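Below, each chain spelled out in residue letters.
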Amino acid sequence: EHRMLQESILGKSVDLDSSLNKMDIYKKILEVALKDGRITGDEQDILDELERSLGLDTDMTTQVKMEMKLLEGENIMTSERRHDNFRDIYSSVIKESLKDGRISRDEQNIIILLKKLMDIEDQEHLKIFESIKEDK
């Protein structure tokens with residue numbers, strides 16, 4: 001049963017004896033966690049522990065998670081629906097960043113990365129920002 005489960009998760013073509021670097025191991029575990037389209041609390045706990053025990057950089061693993069979630073989303077959403085979803089996510093990140101009245105350098109870096117990953121145009125960014133300011 002263990003071998004069957006292992007093959008269904010990893011695929012028969014995976015060479016389990018090949019050496020993987022730490023980030024490759026993390027990515028493979030993340031792929032398994034994202035198979036159902038979401039990461040549960042238990043899966044997140046495992047990913048956090050794996051990140052800690054492998055000594056991985058948190059910024060790098062966060063970027064990998066975002067990229068893989070976005071790619072996963074591309075397989076199940078139309079491009080219009082995906083863009084609306086990205087816009088909502090992007091907007092909520094900006095709202096959270098503005099809670100204290102300013103955007104820190106770290107928050108700005110995250111926003112810039114999200115903007116790039118989610119293909120948010122400058123004009124759209126400004127519209128989102130203005131709509132948030134109007135809501136306050």
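Structure shown above.
Owing to the predicted nature of the structure, the values given are computational and were not obtained by experimental measurement.

Trainee: What is the right way to look at the overall build of the protein in this model?
Mentor: A tally of regular secondary structure across the protein gives seven helices and zero strands. Overall, the protein shows an N-to-C arrangement of helices and strands of α-α-α-α-α-α-α. Burial analysis of the protein (136 residues in total) assigns 26% to the buried set. On the protein, roughly 9,900 Å² of surface is accessible, and the fraction owed to carbon and sulfur atoms is 49%.

Trainee: Is there a simple way to explain the packing of helix α2 (residues 22-33) against helix α3 (residues 41-54) in this structure?
Mentor: A pair of packed helices is captured by two measures, namely the crossing angle of their axes and the spacing between those axes. At their nearest, the axes of α2 and α3 sit 11 Å apart, and the two run at 180 degrees to each other. With respect to each other, α2 and α3 are oriented roughly antiparallel. Contacts from Lys22, Ile25, Tyr26, Ile29, Leu30 and Ala33 of α2 reach α3 at Glu43, Leu47, Leu50, Glu51 and Leu54.

Trainee: How should the pattern of salt bridges be read in this particular structure?
Mentor: Oppositely charged side chains are able to pair whenever their charged atoms sit close together. Evaluation of the coordinates by the stated rule reveals four salt bridges. Note that arginine 87 and glutamate 124 form a salt bridge whose closest N and O atoms lie 3.2 Å from each other. Of this pair, arginine 87 sits in helix α5 (residues 79-97) while glutamate 124 sits in helix α7 (residues 122-135); the two residues are 37 residues apart in sequence, bridging distant segments of the chain. One salt bridge in this structure joins lysine 99 and glutamate 96, with 3.1 Å as the shortest N-O distance.

Trainee: Looking at this model, I keep getting lost on helix α6 (residues 105-117). Mind explaining?
Mentor: An α-helix turns once per 3.6 residues; consequently, residues spaced three or four apart project the same way. With 13 residues, α6 should reach 18 Å at 1.5 Å per residue; the first-to-last C-alpha distance of 18 Å fits that figure. Taken together, the buried positions of α6 are Ile111, Leu114 and Lys115. Down the axis of α6, the sector holding all buried residues measures 100 degrees, keeping them to one side. For α6, the exposed residues set more than 90 degrees away from the buried face come down to Arg105, Asp106 and Lys116. Looking at the residues trailing α6, positive phi occurs at aspartate 119, about 55 degrees.

Trainee: Is there a simple way to explain α7 in this structure?
Mentor: A rise of 1.5 Å per residue sets the reference length of α7, with its 14 residues, at 20 Å; its end C-alpha atoms lie 20 Å apart and thus fit the reference within 8%. Looking at α7, one finds that the buried residues are Glu124, His125, Ile128 and Ile132. One side of α7 holds all its buried residues, which, seen down the axis, span an arc of 105 degrees. Exposed and oriented more than 90 degrees from the buried face of α7 are Asp122, Gln123, Lys127 and Glu134.

Calculation rules
Sequence order as written defines the numbering, with residues in each chain counted from 1. In keeping with the predicted nature of the model, local features appear solely for residues at pLDDT of at least 70, side-chain atom pairs appear and are counted solely at 80 or more, and the whole-chain, interface and lining totals rest on all residues. Note that water and hydrogens are dropped before the side-chain values are worked out from all heavy atoms of the structure. Helix and strand labels come from DSSP, where a helix needs a run of H or I of at least four residues and a strand needs a run of E of at least two; each type is numbered from the N terminus. Under the scheme applied here, a residue whose accessible area is under 20% of the maximum for its type counts as buried, over 50% as exposed, and between as partly exposed, the area being computed with a 1.4 Å probe on protein chains only. Computed with a 1.4 Å probe, the accessible areas rest on the Shrake-Rupley method; for each residue, only the protein chains presented here act as cover. Axis definition: a line fit to C-alpha positions, over the contact stretch in the case of helices; interaxial angles, taken between N-to-C directions, run 0 to 180 degrees. Orientation categories follow fixed angle ranges, with anything under 35 degrees roughly parallel, anything over 145 roughly antiparallel, 65 to 115 roughly perpendicular, and all other angles oblique. Any two residues whose heavy atoms approach within 4.5 Å at even a single point are treated as in contact. Here, a salt bridge means any Lys or Arg side-chain nitrogen found within 4 Å of an Asp or Glu carboxyl oxygen. Multiplying 1.5 Å by the helix residue count minus one yields the expected span of that helix. Taken from the helix axis, the directions to the C-beta atoms give the arc we talk about.

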